[in-house]
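Topology and contacts: notes
One letter stands for each residue in the lines below.
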Amino acid sequence: MAQAQLSPAAARARDRPFPLRTGRIEVRHVARPTPNVARIVFSGEDLRDLPDEEPGEIITLIWPAEGRDEPVLPAAGWKFPDGCPEQHCRNYTVRSYDRSRPELTIDFVLHGDHGAASRWATAARPGQVLGFAGPRIHFITEPDADWTLLAGDETALPAISATLERLPAGHPTRVFVEVADASCHTTLWSAADLTLEWIHRDGEAPGRCTRLEEAVRAAELPEGQGKVWVAGESLVVRRLREHLKGERGLTIGPLQAIGYWKHRDTPADVE
Ligand SMILES: Cc1cc2nc3c(=O)[nH]c(=O)nc-3n(C[C@H](O)[C@H](O)[C@H](O)COP(=O)(O)OP(=O)(O)OC[C@H]3O[C@@H](n4cnc5c(N)ncnc54)[C@H](O)[C@@H]3O)c2cc1C
């Protein structure tokens, strides 16, 4: 059977080994751009000359084990040394990378006390050390796309923001972002021809609310080949993926729908 042609970005994503790099990073600065986001700038020599080929590349963060100040880093193949204590690891989006310093900025959604990463980010302070592995290419740019649709909750906002900053001038782009309320809005910059809709949960819990799905279902999309990228709670994303593949007939190549996080009662097989 003939092999499907990979876009250049998909080929770069396939060819990038993981972990490409591992290292330690130190918190340099913490800010609160909105009430439920900690914007943390990390610095460290291990960040020097990271690739930054596609918007919103992903980095896996490694927190030191309970009672330790330093993380243990994995070797090739994500192998940790024998006897390595259990460490918390989670994926985050590179919101921006400044190679001149080098510094890397991550926006952490503060979703409460029930996640170790969220707990840590709520109280983060300069000098604290984390490990990292990556980065990995995440957004697959489709050079032939006539338009782009980006949708997700606040965990998707760093990738949406980074992607918007790199879309070509005048490119027709629809964006749907689900957040708690108007206090979570941020300024998004893009040269694209952008139509942005903020969707408010207005008291409903993240990942339990159907308003993002309803907005995407109701959206009138332009003619031609679209690039679609969706991320958020896994069940929400699954429903959107089914709609986009089924009723909209979008093909897998230009459609990326990725579960970024899960409620504890979301079945394990929902990606
Ligand atoms: C490729 C990728 C990129 C990502 N980029 C970002 C990013 O840039 N910024 C960001 O904030 N997150 C991002 N995420 C999501 C983040 O990894 C998850 O939210 C992660 O679960 C947080 O870890 P934790 O230790 O706080 O909670 P966990 O221990 O993983 O989860 C504990 C419980 O917390 C709840 N929970 C987890 N996340 C959320 C949430 N966002 N809102 C409400 N409840 C939640 C769930 O009920 C879960 O069962 C990304 C995920 C992926 C896969």
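Residues numbered from 1 in each chain as written. Predicted model: local features only at pLDDT ≥ 70, side-chain atom pairs only at ≥ 80, totals over all residues. Heavy atoms only, no water.

**Thoughts on the overall build of the chain**
- Counting its regular elements, the chain contains 5 helices and 12 strands.
- Relative to the 2.2 N^0.38 estimate, which gives 18 Å for 271 residues, the radius of gyration of the chain is 19 Å and therefore close to what a compact globule would have.
- The buried share of the chain, reckoned over its 271 residues, is 48%.
- With an accessible surface of roughly 13,500 Å², the chain has 49% of that area assigned to carbon and sulfur atoms.
- Here the chain contributes 32 positive and 40 negative side-chain charges, whose respective centroids are spaced 3 Å apart. (Helix = DSSP H or I, 4+ residues; strand = E, 2+ residues; numbered from the N terminus. Rg over C-alpha atoms; globule rule 2.2 N^0.38 Å. Buried < 20%, exposed > 50% of the residue type's maximum accessible area, 1.4 Å probe, protein only. Areas by Shrake-Rupley, 256 points an atom, 1.4 Å probe, with all protein chains shown as cover. Lys, Arg positive; Asp, Glu negative; His and termini not counted. Charge placed at Lys NZ, Arg CZ, Asp CG, Glu CD.)

**Notes on the packing of helix α4 (residues 211–218) against helix α5 (residues 234–245)**
- It is at 10 Å that the axes of α4 and α5 come closest, and there the two elements cross at 15°. For the element pair α4 / α5, the angle class is roughly parallel. The chirality of how α4 crosses α5 is right-handed. Of the residues in α5, those in contact with L212, E213, V216 and R217 of α4 are V236, R239, L240, H243 and L244.
- Along the lines of polarity and charge, the residues of the contact of α4 with α5 split into 5 nonpolar, 1 polar and 3 charged. (Axes fitted to C-alpha atoms, helices over the stretch in contact; angles between N-to-C directions. Parallel < 35°, antiparallel > 145°, perpendicular 65-115°, else oblique. Left-handed = near helix turned anticlockwise from the far one by under 90°. Contact = heavy atoms within 4.5 Å. Nonpolar A, V, L, I, M, F, W, Y, C, P; charged D, E, K, R; others polar.)

**Re the state of the cysteines**
- Applying the stated criterion across every chain, the model contains 0 disulfides.
- Of the cysteine sulfurs around C89, a residue in no disulfide, the closest is that of C84, at 8.6 Å.
- Looking at the unpaired C209, the closest cysteine sulfur is the one in C184, lying at 13 Å.
- The exposure class of C209 is buried, given its relative accessible area of 2%. (Disulfide = S-S within 2.5 Å.)

**Observations concerning the sheet that holds strand β9 (residues 172–179)**
- Ordered by their spatial adjacency, 5 strands build an open sheet running β10-β9-β8-β11-β12, and the pairing between neighbours is parallel. The sheet is open, and its two edges are formed by β10 (193–200) and β12 (255–261), each paired on a single side. Averaged over all neighbouring strand pairs, the angle between strand axes comes to 10°, with direction disregarded.
- As paired elements, strand β8 (residues 147–153) and β9 share 6 bridges and run parallel to each other. Residue pairing in the sheet places G152 in a bridge with V177 of β9. (Pairing = 2+ DSSP bridges.)

**Thoughts on unusual backbone geometry**
- Residue P19 is reached from F18 by a cis peptide bond, and omega for that bond is -10°.
- Residue placement: P19 occurs in the loop between α1 (8–15) and β1 (21–34).
- Its identity is not glycine, yet D49 carries a phi of approximately 60°, on the positive side.
- Positionally, D49 belongs in the loop between β2 (37–43) and β3 (58–62).
- Even without glycine at this site, W78 takes up a positive phi of about 55°.
- Structurally, W78 can be placed in the loop between β3 and β4 (89–93).
- The class for W78 is partly exposed, based on a relative accessible area of 30%.

**A closer look at the site of the ligand**
- As a structural note, the neighbourhood of the ligand is formed by 24 residues, with H88, R90, D107, V109 and H111 the closest of them.
- Residue N91 places a main-chain N or O atom 2.9 Å away from an oxygen atom belonging to the ligand.
- In the environment of the ligand, an oxygen atom lies 2.7 Å from a nitrogen or oxygen atom belonging to the backbone of V109.
- Contact with the protein chains covers 90% of the free accessible surface of the ligand, which is 910 Å².
- Of the residues forming the shell around the ligand, the biggest block, 4 residues, is contributed by β4.
- Considered class by class, the residues forming the shell around the ligand number 10 nonpolar, 10 polar and 4 charged.
- Two domains each provide a minimum of three residues to the shell around the ligand, namely domain 1 (17–136) and domain 2 (147–261). (Near = heavy atom within 4 Å. Polar contact = N/O pair within 3.5 Å; in protein donor to acceptor, adjacent residues only side chain to side chain. Domains from an automatic or database assignment.)

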